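Here is what each chain is made of, one letter per residue.
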Amino acid sequence: MDFGSDNFWGASDQVLAALAAANERSASPYGSDVVTKRVEQKFSEIFEHDVRVFLVATGTAANALSLAGCVPPWGMTVCHSEAHINTDECGAPEFFTHGAKLATIPGVAGKMSASAIESFVSGLSDGVYQMPAKAVSISQLTEAGTLYSLEEIKAISAVCRKRDLPLHMDGARFANALVSLGCTAAEMTWKSGVDILSFGGSKNGCFAAEAIVVFKKDLAPDMDYLRKRAGQTLSKGRFLAAQFEGYFADDLWLKNAIHANAMASLMKQGLDSISGVRLPWAVQGNQLFPIISKKAFAVLGEAGATCFDWHSASLPEGEKVGADEVMVRLVTSFATKPEDVERFIGILKTSN
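Bear in mind that the values here come from a model prediction, so they are computed numbers and not experimental data.

A few words on the pattern of salt bridges. For the coordinates displayed, the defined rule picks out 14 salt bridges. As a salt-bridge pair, lysine 37 and glutamate 40 come within 3.9 Å of each other at their nearest N and O atoms. In this pair, lysine 37 and glutamate 40 are both assigned in helix α2 (residues 34–46), three residues apart and thus about one turn of the helix distant. For lysine 37, a relative accessible area of 45% translates into the label partly exposed. Taking relative accessible area as the criterion, glutamate 40 reaches 24% and is therefore assigned partly exposed. Among the ionic pairs, glutamate 245 bridges to arginine 38, the shortest N-O distance being 2.8 Å. In this pair, glutamate 245 sits in helix α11 (residues 238–248) while arginine 38 sits in helix α2, placing the two residues 207 residues apart along the sequence. Glutamate 245 sits in the partly exposed class, given a relative accessible area of 30%.

Here is the structure:
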């Protein structure tokens, strides 16, 4: 019953098979191989756009280098206060931008509004005494497991266009968001005004594979150098590309996300049936944040369930975690089994 993170699980069989196939022959190093070229072309097909693609091994590298490509050291990236780049990347965005600041905005359920971004940016001074905003970053899915609708992305993009700010999307769980919205990859990104994307694969069936996808050719012109300097230009780069080749084959990436989201929906059905358990916001992907009793949380741990207590900064007005309660994060994955969900719900029913 591992619901701590979708990072707990390994890789899909198809991804492992693609890695094995890439290992059977020699290939040119540093991303000049035929597999990498095929995968780069596949990204352009998926996004219906001639994109620049830079493969990296971690989501932290994808996020930090994306921002480093468009934010100068004297600038700021506007993001949610609970954004992964702010809370979970050990200062990597600041390090790779050589000191550029992350300016954070609060918001319910992990989301920033366009009006909040506009208010913050318009309130900055024009002098040299304060860092200017140079980019906006949104997470899709958010750290609260919620979605930005296409209309919300477009509204944020409109603010960015007005202020000449590149819009970055942290898509660590891009596929989960995409299948939940039921739109195309193009519609959720450049057609809605996204300029640069951190495309995640590791949480959804890859071993260790992420990509920086640049939609504007003149944005981040030095990304090749930034990636190399960050130690993310792998000598045997075909093994990054091979993971994506297996990931994209037969739409595995979408099938994995559909399954993970379906397991989250199954979990939600079970949680809704338990008196005293409540979900503070909608389940829109593969993460859930139920508020349960501390007693139930302890019993779940004793029974071998893995889940973590979570901070409550994004709770809506009027909602709170009681003295005898805890809000936990549950994450389902491409490898989650229905029987594990049902067992979890069964234990929670008897202990809450």
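Okay, back to it.
Counting buried positions along strand β11 (residues 325–331) gives six out of seven residues, so the element sits mostly inside the fold. Relative to β11, strand β8 (residues 287–288) is paired through two bridges, and the arrangement is antiparallel. From the neighbouring strand, glutamine 287 faces β11, where its bridge partner is valine 331. When strand β9 (residues 291–293) meets β11, the two strands line up antiparallel, connected through three bridges. Residue serine 293 lies in a different strand from β11, and its bridge partner there is glutamate 325. Bridge count between strand β10 (residues 308–309) and β11: two bridges; the pairing is antiparallel.

Attention now goes to the nonpolar core. Phe43, Phe47, Val136, Phe174, Phe199 and Phe244 are the most contacted members of the largest nonpolar core, which has 60 residues in total. For this core, the element with the highest residue contribution is α11, accounting for seven residues. In terms of nonpolar packing, the next biggest core, distinct from the first, is built from 22 residues, Val277, Cys307, Phe344 and Ile347 among them.

A few words now on α2. For α2, built from 13 residues, the straight-helix expectation of 18 Å at 1.5 Å per residue is met to within 8% by its first-to-last C-alpha distance of 18 Å. Taken as a whole, α2 has its buried residues at Val35, Thr36, Val39, Phe43, Ser44 and Ile46. The secondary structure elements touched by the buried residues of α2 are β1 (52–56), α9 (185–188), β6 (196–200), β7 (210–214), α11 and α12 (252–272). N-cap assignment for α2: the residue whose side-chain oxygen lies 3.1 Å from the backbone N of valine 35 is aspartate 33. One or two steps after α2, the chain reaches glutamate 48, where phi turns positive at roughly 50°.

Here is what the cut-offs are and how they apply
Residues numbered from 1 in each chain as written. Predicted model: local features only at pLDDT ≥ 70, side-chain atom pairs only at ≥ 80, totals over all residues. Heavy atoms only, no water. Salt bridge = Lys/Arg side-chain N within 4 Å of Asp/Glu carboxyl O. Helix = DSSP H or I, 4+ residues; strand = E, 2+ residues; numbered from the N terminus. Buried < 20%, exposed > 50% of the residue type's maximum accessible area, 1.4 Å probe, protein only. Pairing = 2+ DSSP bridges. Core = buried A, V, L, I, M, F, W, Y, C linked by side-chain atoms within 4.5 Å. Expected span 1.5 Å × (residues − 1). Contact = heavy atoms within 4.5 Å. Polar contact = N/O pair within 3.5 Å; in protein donor to acceptor, adjacent residues only side chain to side chain.

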